[in-house]
Amino acid sequence: MFLFRLPSLDDWRGFALALIGFAALAIPFGLATGLYDWSPVPLTGQVIGFAAYLFFVPAVLEELVFRGPLLWWQERRGRVPIWTIIVSLLVVVIWHPANTYVFMPEARALFSDWRFLTVAGTLGAIATALTLTTRSLWPPIVFHWLVVLGWKTLLGAPDFV
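Below, the structure is looked at part by part.

Reading guide: rules and limits
Residues numbered from 1 in each chain as written. Predicted model: local features only at pLDDT ≥ 70, side-chain atom pairs only at ≥ 80, totals over all residues. Heavy atoms only, no water. Core = buried A, V, L, I, M, F, W, Y, C linked by side-chain atoms within 4.5 Å. Buried < 20%, exposed > 50% of the residue type's maximum accessible area, 1.4 Å probe, protein only. Helix = DSSP H or I, 4+ residues; strand = E, 2+ residues; numbered from the N terminus. Contact = heavy atoms within 4.5 Å. Polar contact = N/O pair within 3.5 Å; in protein donor to acceptor, adjacent residues only side chain to side chain. Phe/Tyr/Trp six-rings, centres within 6.5 Å; stacked < 30°, edge-to-face > 60°. Lys NZ or Arg CZ within 6 Å of the ring centre and 35° of its normal. Axes fitted to C-alpha atoms, helices over the stretch in contact; angles between N-to-C directions. Parallel < 35°, antiparallel > 145°, perpendicular 65-115°, else oblique.

**Some thoughts on the nonpolar core**
Reasoning step 1: One finds F22, Y36, L110, F111, F116, F143 and W151 to be the most contacted residues of the largest nonpolar core, which totals 24 residues.
Reasoning step 2: Of all the secondary-structure elements, those providing two or more residues to this core are α1 (9-33), α5 (108-111), α6 (114-134) and α7 (138-154).
Reasoning step 3: For this core, the element with the highest residue contribution is α6, accounting for seven residues.
Reasoning step 4: Setting aside residues no more than four positions away along its own chain, L110 makes contact with L35, F116, W151, P158, F160 and V161.
Reasoning step 5: F55, A59, L71 and L137 belong to the second-largest nonpolar core, a separate cluster that totals six residues.

**Points about the environment of K152**
Reasoning step 1: Mapped onto the fold, K152 is located in helix α7.
Reasoning step 2: C-alpha separation for the pair K152 and S39, spaced 113 residues apart in sequence, amounts to 9.3 Å.
Reasoning step 3: Not counting the four nearest positions on each side in its chain, K152 is found in contact with V41, F50, L54, A157, P158, D159 and V161.
Reasoning step 4: For K152, the side chain forms a polar contact with the main-chain oxygen of P158, separated by 2.8 Å.

**Some words on the side chain of S136**
Reasoning step 1: Structurally, S136 is set in the loop between α6 and α7.
Reasoning step 2: Taking relative accessible area as the criterion, S136 reaches 0% and is therefore assigned buried.
Reasoning step 3: At a separation of 2.9 Å, a polar atom in the side chain of S136 contacts the main-chain carbonyl oxygen of R5.
Reasoning step 4: Here the side chain of S136 touches W138 through a polar contact of 3.1 Å, landing on its backbone nitrogen.

**Topic: the packing of aromatic side chains**
Reasoning step 1: Following the criterion strictly, the structure yields eleven aromatic pairs and no others.
Reasoning step 2: Ring geometry for F29 against W114: centres 5.8 Å apart, planes inclined by 80°, an arrangement best described as edge-to-face. Within this pair, whereas F29 is found in helix α1, its partner W114 is found in helix α6, the two being separated by 85 residues in sequence.
Reasoning step 3: Relative accessible area serves as the criterion here: at 22%, F29 is assigned to the partly exposed category.
Reasoning step 4: A ring pair is formed by F111 and F116, whose centres lie 4.5 Å apart and whose planes are at 5°; its orientation type is stacked. Judged on exposure class, the residue F111 and its partner F116 are both buried.
Reasoning step 5: If you follow R77 out to its NZ or CZ, it ends over the ring of W73, 4.9 Å from the centre.

**Here we look at the packing of helix α2 (residues 45-66) against helix α3 (residues 68-77)**
Reasoning step 1: At a minimum axis separation of 3 Å, α2 and α3 run at an interaxial angle of 40°. When the axis of α2 is compared with that of α3, the two are oblique. Contact residues: E63, L64, V65 and F66 in α2; G68, P69 and L70 in α3.

**Things to note about the environment of E106**
Reasoning step 1: Within the fold, E106 resides in the loop between α4 (82-99) and α5.
Reasoning step 2: Between the C-alpha atom of E106 and that of F160, which follows or precedes it by 54 residues, the distance is 6.9 Å.

Structure, rendered in structure tokens:
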């Protein structure tokens, strides 16, 4: 099964390049547009516990839902059609503001903000590329986790997120 396929060393090298590339784009964009605010939080037991939580929600949960079907398609039918990739990315971007109507009403303004949606779409595109090139969900899960963790611990994400 794709989730349990262990990525190769080359897969992890590609992951590292993707993470560096994302950071090189997203951090300056977020700081320049006011989406981010450099405000590191001290490392405490509470932060470590929260980091563990973030691994599962949103990283594992969202990657299973949004990238898992792409791997299922790839495993069962071979090449993933471009329309499937586009739909997957659109669903990811639409999911963020939509979920605020059910789960997180306090995040509605942020999750509908074009700056946030730009970063979320970029994260989704890179996670999709990692999924399809590595044929595993582990690199996109770790990627998603590190991005959200960095936002929460270094870049001033609101407490309600």
